[in-house]
Amino acid sequence: MKTHSVHARTMVRLNRAAWFATVAGMCGSLVSIGLARFAYTPLIPPLIQAHWFSPANAVSLGAANFAGYLAGALLARLIAAALSSRQALRLLMFVATAAFFACAYPLSVVWFFVWRFASGFSGGVIMVLVPTSILPQIPAAKRGFVSGMIFLGLGLGIAASGTLIPELLRLGLRETWFGLGILSLLLTVFSWFGWPADNPPALRSETSNDVSFRSKISLTILYGQYAANALGLVPIMILMVDYIARGLGRGGDIGAAYWRVYGIAAIVGPVMCGGAADKIGVRLSFRAALLLQGIAVGILSFVKNLVAVGIATVLLGIFTTGVVPLSLGRIHDILPHSPTAQRTAWSRATIAFAVFQVLGGYGYAFLFSHSKENYGLVFLCGTIALVMALIVDLFAREGGSTADLSHPSTLLVSGKKRYKLSLEDRKSEAGSR
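Note that the structure is a prediction, hence the values are computed from the model and not measured.

Secondary structure summary: the protein chain contains 17 helices and zero strands in total. Considering the protein chain as a whole, with its 433 residues, one finds that 55% of them fall into the buried category. When the accessible surface of the protein chain is totalled, it reaches about 18400 Å², and 69% of it is carbon and sulfur.

Pasting the structure below:
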């Protein structure tokens, strides 16, 4: 029975339109987040050295992207309703591209702030609209794979920040911005006709008021877990290279090498986690992600061995990007037949992640500066956040009710039982096709 179900699942194929939409989604995440956000980090020192901005302004301009991202996530559904998802995605891809070219001319701090904000705004809208526009039109058995491919762009952007940017900087700072703009323009053109022509029928006819109370509880828990995941990852995003270079005394070159490893792992993260979700179920994959992230950040808190730090770096690279499709998959599990509610939920999850990413960034910076640069303490806070998210997941049933504590085995087998049920659902779906 189980073998037959797995076979039926693997027989599902993506058609041409689905593949085009998947590639367009990957281009969108690469341009709007992978390049627009992560490529800025290695540009901060050159911006300061070239006297374009003071150190304080360079950091604040980086925060402008996060502020724009939050605003975009908040307004994404309104923009899609006014323009349609397809037109909104095309427009915001163009805005993100224009921001690269505009940033090549630092006319003033205000000018640069506006374009960094616009870049972040585009990323917030695209991050909400891409998966909620594409995944409802993908067969359920392939959504894990497709979501992984969509968010592959995040990993490509992180990897590019450690490899492409240093090479472009050899040509000059302005030329680097132009290079990023040209790459973004090519990806925008390549994805232009791949976006779905319209929202799926269910998205047009369905009302968003049919979410059950138990589903709302589950979603609220997920928002909290996703926010806690942000708190767990922020220390890595802001301190990883500095920790290896200064904290461990290994120098900037070794720190940059580890960042490149982190980026390479981030490339495979979405596809690996999406594939795991298709094979063993989203919830078990999500639990494993929280567990392994907690272990990895814990290693950075207490262990100074470079091999162990390297293992932690790989794990964190995988799940920095991989946790995104897993969180989206959890939303689809909670709201399996409600595309409109899925879009609303994903928007709220994205907002929760963005808010706590900003709060965590400023909070950890304050803690770091007032603890005599205690890296271990900052990493420990991230570990605690991830462990708390895992504990909540272990003691929460689907639908928001708590697990029966008198039967601890329930915690271990509940994910497996749901996985078996999902295989049966997929078998029925494949048979109907």
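Axis separation between helix 14 (residues 306-334) and helix 15 (residues 339-370) bottoms out at 10 Å; the angle between their running directions is 140°. The angle between helix 14 and helix 15 places the two elements in the oblique class. When the axes of helix 14 and helix 15 are compared, the crossing they make is right-handed. Contacts from Val324, Ser327, Leu328, Ile331 and His332 of helix 14 reach helix 15 at Gln342, Ala345, Trp346 and Ala349.

Another aspect to go through is a nonpolar patch on the surface. A contiguous nonpolar patch, built from Leu74, Leu75 and Leu78 and spanning about 300 Å² of accessible area, is present on the exposed surface. If you trace the backbone, Leu78 turns up in helix 4 (residues 55-83). Assessed through its relative accessible area of 60%, Leu78 is described here as exposed.

The phi angle at Ser84 is positive, at roughly 85°, despite the residue not being glycine. As for its placement among the helices and strands, Ser84 is situated in the loop between helix 4 and helix 5 (85-102). Taking the relative accessible area as the measure of exposure, Ser84 reaches 25% and is therefore partly exposed.

The geometry of an aromatic ring pair is captured by two quantities: the separation of the ring centres and the angle between the planes. Summed over all chains, the structure comprises 13 aromatic pairs. With a centroid separation of 6.3 Å and 25° between ring planes, the pair formed by Phe113 and Phe117 is classed as stacked. With Phe113 and Phe117 both in helix 6 (residues 109-134), this residue pair falls four residues apart, about one helical turn. Joined through ring pairs, the aromatic side chains of Phe151, Tyr226, Trp346 and Phe353 make up one cluster.

Right, let's talk about the nonpolar core for a bit. Ranked by size, the top nonpolar core spans 119 residues in total, and within it Trp177, Leu180 and Leu300 carry the most contacts. Top contributing element to this core by residue count: helix 11 (residues 213-247), with 15 residues.

All right, on to the pattern of salt bridges then. A complete count under the given rule lists three salt bridges for this structure. We note a salt bridge from Glu167 to Arg170, for which the minimum N-O separation is 3.3 Å. Take Glu167: its relative accessible area is 46%, and that puts it in the partly exposed class. Arg283 serves as the salt-bridge partner of Asp393, at 3.5 Å between the closest nitrogen and oxygen. Of this pair, Asp393 sits in helix 16 (residues 375-394) while Arg283 sits in helix 13 (residues 282-302); the two residues are 110 residues apart in sequence, bridging distant segments of the chain. Of the two residues examined, Asp393 and Arg283, each falls in the buried class. Within the structure, one salt-bridge network assembled from shared partners comprises Arg283, Arg287 and Asp393.

Here the focus is the side chain of Gln293. Relative to the helices and strands, Gln293 resides in helix 13. You can call Gln293 buried: its relative accessible area is 0%. For Gln293, the residues in contact, after removing those within four places along its chain, are Asn229, Leu233, Leu316, Phe319, Val323 and Leu386.

Here we come to helix 14. A rise of 1.5 Å per residue sets the reference length of helix 14, with its 29 residues, at 42 Å; its end C-alpha atoms lie 40 Å apart and thus fit the reference within 8%. Taking the largest bend as the criterion, helix 14 deviates by roughly 40°, centred on Gly322, and proline Pro325 comes between one and four positions later. Burial analysis of helix 14 places 24 of its 29 residues in the buried class, the great majority of the element. Looking at where helix 14 begins, the residue whose side-chain oxygen comes 2.9 Å from the main-chain nitrogen of Val307 is Asn305.

The subject of this paragraph is the environment of Ala354. Positionally, Ala354 belongs in helix 15. Taking relative accessible area as the criterion, Ala354 reaches 2% and is therefore assigned buried. Between the C-alpha atoms of Ala354 and Ala67, which are 287 residues apart in sequence, the distance is 8.5 Å. What Ala354 contacts, discounting residues up to four positions off in sequence, is Tyr69 and Leu70.

At a minimum axis distance of 9 Å, the contact between helix 15 and helix 16 shows a crossing angle of 150°. It follows that helix 15 is roughly antiparallel to helix 16 by the angle criterion. The element helix 15 and its partner helix 16 pack so that their crossing is right-handed. Residue-level inspection shows Tyr364, Leu367 and Phe368 of helix 15 in contact with helix 16, the latter providing Tyr375, Leu377, Val378, Cys381 and Gly382. Grouping the constituent residues of the contact of helix 15 with helix 16 by class yields seven nonpolar, one polar and no charged.

Right, let's talk about helix 15 for a bit. Between the first and last C-alpha of helix 15 there are 46 Å, a value that for 32 residues agrees with the 46 Å anticipated at 1.5 Å per step. Note on helix 15: the residue one or two positions beyond its end, Lys372, has a positive phi of about 60°.

Quick look at the environment of Arg283 now. Take Arg283: its relative accessible area is 6%, and that puts it in the buried class. Sequence separation between Arg283 and Ser327 is 44 residues; the distance between their C-alpha atoms is 9.0 Å.

Moving on: the confidence of the model for the protein chain. Mean pLDDT over the protein chain: 80, with 84% of residues reaching 70 or higher. Between residues 201-208, whose pLDDT stays under 50, and residues either more than four places distant or in other chains, the model counts 14 contacts. Here residues 400-433 is a poorly scored stretch, pLDDT under 50, and it has 51 contacts once near neighbours within four places are set aside; other chains count.

Each value, and the rule that gives it
- Residues numbered from 1 in each chain as written.
- Predicted model: local features only at pLDDT ≥ 70, side-chain atom pairs only at ≥ 80, totals over all residues.
- Heavy atoms only, no water.
- Helix = DSSP H or I, 4+ residues; strand = E, 2+ residues; numbered from the N terminus.
- Buried < 20%, exposed > 50% of the residue type's maximum accessible area, 1.4 Å probe, protein only.
- Areas by Shrake-Rupley, 256 points an atom, 1.4 Å probe, with all protein chains shown as cover.
- Axes fitted to C-alpha atoms, helices over the stretch in contact; angles between N-to-C directions.
- Parallel < 35°, antiparallel > 145°, perpendicular 65-115°, else oblique.
- Left-handed = near helix turned anticlockwise from the far one by under 90°.
- Contact = heavy atoms within 4.5 Å.
- Patch = residues over 30% accessible without salt bridge, like charges linked within 9 Å, V, L, I, M, F, W, Y side chains within 5 Å.
- Salt bridge = Lys/Arg side-chain N within 4 Å of Asp/Glu carboxyl O.
- Phe/Tyr/Trp six-rings, centres within 6.5 Å; stacked < 30°, edge-to-face > 60°.
- Core = buried A, V, L, I, M, F, W, Y, C linked by side-chain atoms within 4.5 Å.
- Expected span 1.5 Å × (residues − 1).
- Bend = angle between axes of the 7 residues up to and from the residue.
- Polar contact = N/O pair within 3.5 Å; in protein donor to acceptor, adjacent residues only side chain to side chain.
- Nonpolar A, V, L, I, M, F, W, Y, C, P; charged D, E, K, R; others polar.
- pLDDT = per-residue confidence, 0-100.

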